Amino acid sequence: MTDLRKFLILIAAGGSAAVLLGAIGSQYIGGLAPCHLCILQRWPHAAAVLIGALALAFRARILPLLGAAAALTTSGIGVYHTGVERGWWEGPTTCTSGPIGGMSTDDLLNQIMNAPLVRCDEVAWQLFGLSMASWNALISLGLTLTWIAVWRRTA
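On a predicted model such as this, the values are computed, not experimentally measured, just so you know.

**Notes on the overall build of the protein**
Point 1. Secondary structure summary: the protein contains 5 helices and 2 strands in total.
Point 2. Listing each helix as α and each strand as β along the protein from the N terminus yields α-α-α-α-β-β-α.
Point 3. A buried classification covers 35% of the 155 residues belonging to the protein.
Point 4. Nonlocal contacts in the protein, meaning residues at least 24 apart in sequence, comprise 77% of its contacts between residues at least 6 apart.
Point 5. Just so you have it, the protein exposes about 9,000 Å², and 69% of that area is on carbon and sulfur atoms.

Below is the structure:
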């Protein structure tokens, strides 16, 4: 295994691990409970970490492509989540609020009682005007490119 290939795998898988640790830290240390879309963004990172471990052990050409797919998946979810936060499009009904016009009192009360604790359409934290979902999308896009670089060096 070339040193550059190994280094790139460590960057790609380590980057996903760092994002996961940051998300978990913001939840358990920072007190920022994740919404449904936040949780969905974590799974591809976990897959990328596992793929990275396999890519270090085996030189299978498919592994870097799987890593790239995992990173691109979480980047896509991050872009989608960013759009939900900014009101560009509606999010899943499991974590956003719908219009209440024309609802009966019982229906409205039912919607309130069944509402998620953390909504996907509200920004809980941001840095330089970008939410955590936006940062995840950008970082994960960089990790996707890193996985592609690994793939190019895998024979």
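After that view of the structure, there is still more to cover.
**Some details on the side chain of Thr146**
Point 1. Of note, Thr146 is situated in helix α5 (residues 132–152).
Point 2. Looking at Thr146, the relative accessible area reads 14%, which means it is buried.
Point 3. Of note is the side chain of Thr146, whose polar atom sits 2.9 Å from the backbone oxygen of Gly142.
Point 4. Ignoring sequence-local partners within four residues, the contact set of Thr146 consists of Leu8, Ile11 and Ala12.

**Some points on the packing of helix α3 (residues 62–85) against α5**
Point 1. Between α3 and α5, the least distance of the axes is 7 Å, while the angle of their chain directions is 165°. When the axes of α3 and α5 are compared, the pair comes out roughly antiparallel. Relative to α5, the crossing made by α3 is left-handed.
Point 2. Of the residues that constitute the contact of α3 with α5, the class distribution is 15 nonpolar, 10 polar and 1 charged.

**Topic: the UniProt feature "transmembrane region" (unreviewed entry) in the protein**
Point 1. According to UniProt, the "transmembrane region" (unreviewed entry) feature falls on residues 7–30, 42–58, 65–83 and 123–150.
Point 2. The straight-line gap between the two end C-alpha atoms of residues 7–30 is 31 Å; of that span, 92% is helix and 0% is strand.
Point 3. Annotation note: span residues 42–58, helix share 94%, strand share 0%, distance between end C-alpha atoms 24 Å.

**Digging into the packing of helix α2 (residues 36–57) against α3**
Point 1. The interhelical angle for the contact between α2 and α3, taken along N-to-C directions, is 165°, at an axis separation of 9 Å. When the axis of α2 is compared with that of α3, the two are roughly antiparallel. Crossing angle aside, the handedness with which α2 passes α3 is left-handed. Packed against α2, whose contacting residues are Leu37, Cys38, Leu40, Gln41, Pro44, His45, Ala47, Ala48, Ile51, Leu54 and Ala55, the element α3 presents Leu63, Leu66, Gly67, Ala70, Thr73, Thr74, Ile77, Gly78, Tyr80, His81 and Val84 at the interface.
Point 2. By residue class, the composition of the contact of α2 with α3 is 15 nonpolar, 7 polar and no charged.

**A few points about the environment of Ser140**
Point 1. Checked against the element boundaries, Ser140 lands in helix α5.
Point 2. Here Ser140 falls in the buried class, since its relative accessible area comes to 0%.
Point 3. Spatially, the C-alpha atoms of Ser140 and Ala12 are 9.1 Å apart, while their sequence positions differ by 128 residues.
Point 4. For Ser140, the contacting residues outside a window of four places in its chain are His45, Ala71, Thr74 and Ser75.
Point 5. At 3.4 Å, the side chain of Ser140 forms a polar contact with the side chain of His45.
Point 6. A polar side-chain atom of Ser140 sits 2.8 Å from the main-chain carbonyl oxygen of Asn136.

Thresholds applied
The residue numbers shown here count from 1 along each chain, following its written sequence. This being a predicted model, a pLDDT of at least 70 is required before a residue's local features are given, and a value of 80 or more before pairs of side-chain atoms are given or counted; all residues contribute to the totals for chains, interfaces and linings. Processing note: side-chain calculations cover all non-hydrogen atoms of the structure and skip hydrogens and water entirely. The way it works is that DSSP assigns letters per residue, a run of H or I at least four long becomes a helix, a run of E at least two long becomes a strand, and they are numbered from the N terminus. Think of it in three bands: with a 1.4 Å probe and only protein chains considered, a residue is buried below 20% of the maximum accessible area for its type, exposed above 50%, and partly exposed in between. In what follows, a contact means two residues having at least one pair of non-hydrogen atoms within 4.5 Å. For every accessible area listed, the method is Shrake-Rupley and the probe measures 1.4 Å; residues are considered covered only by the protein chains on display. Side-chain atoms alone can form a polar contact between residues adjacent in sequence; in general such a contact is a pair of N or O atoms within 3.5 Å, and within protein one must be able to donate a hydrogen while the other accepts it. Simply put, an axis is a line fit to the C-alpha atoms, just over the touching stretch for a helix, and the angle between two N-to-C directions goes from 0 to 180 degrees. Any angle between 65 and 115 degrees counts as roughly perpendicular, while under 35 counts as roughly parallel, over 145 as roughly antiparallel, and the rest as oblique. Crossings are classed by handedness, with left-handed meaning an anticlockwise turn of the near helix from the far one by less than a right angle and right-handed meaning a clockwise turn. Only Asp, Glu, Lys and Arg are considered charged, only Ala, Val, Leu, Ile, Met, Phe, Trp, Tyr, Cys and Pro nonpolar, and every remaining residue, Gly among them, polar. UniProt positions are given in the numbering used here, feature names are shortened, and annotations may be inferred rather than shown by experiment.

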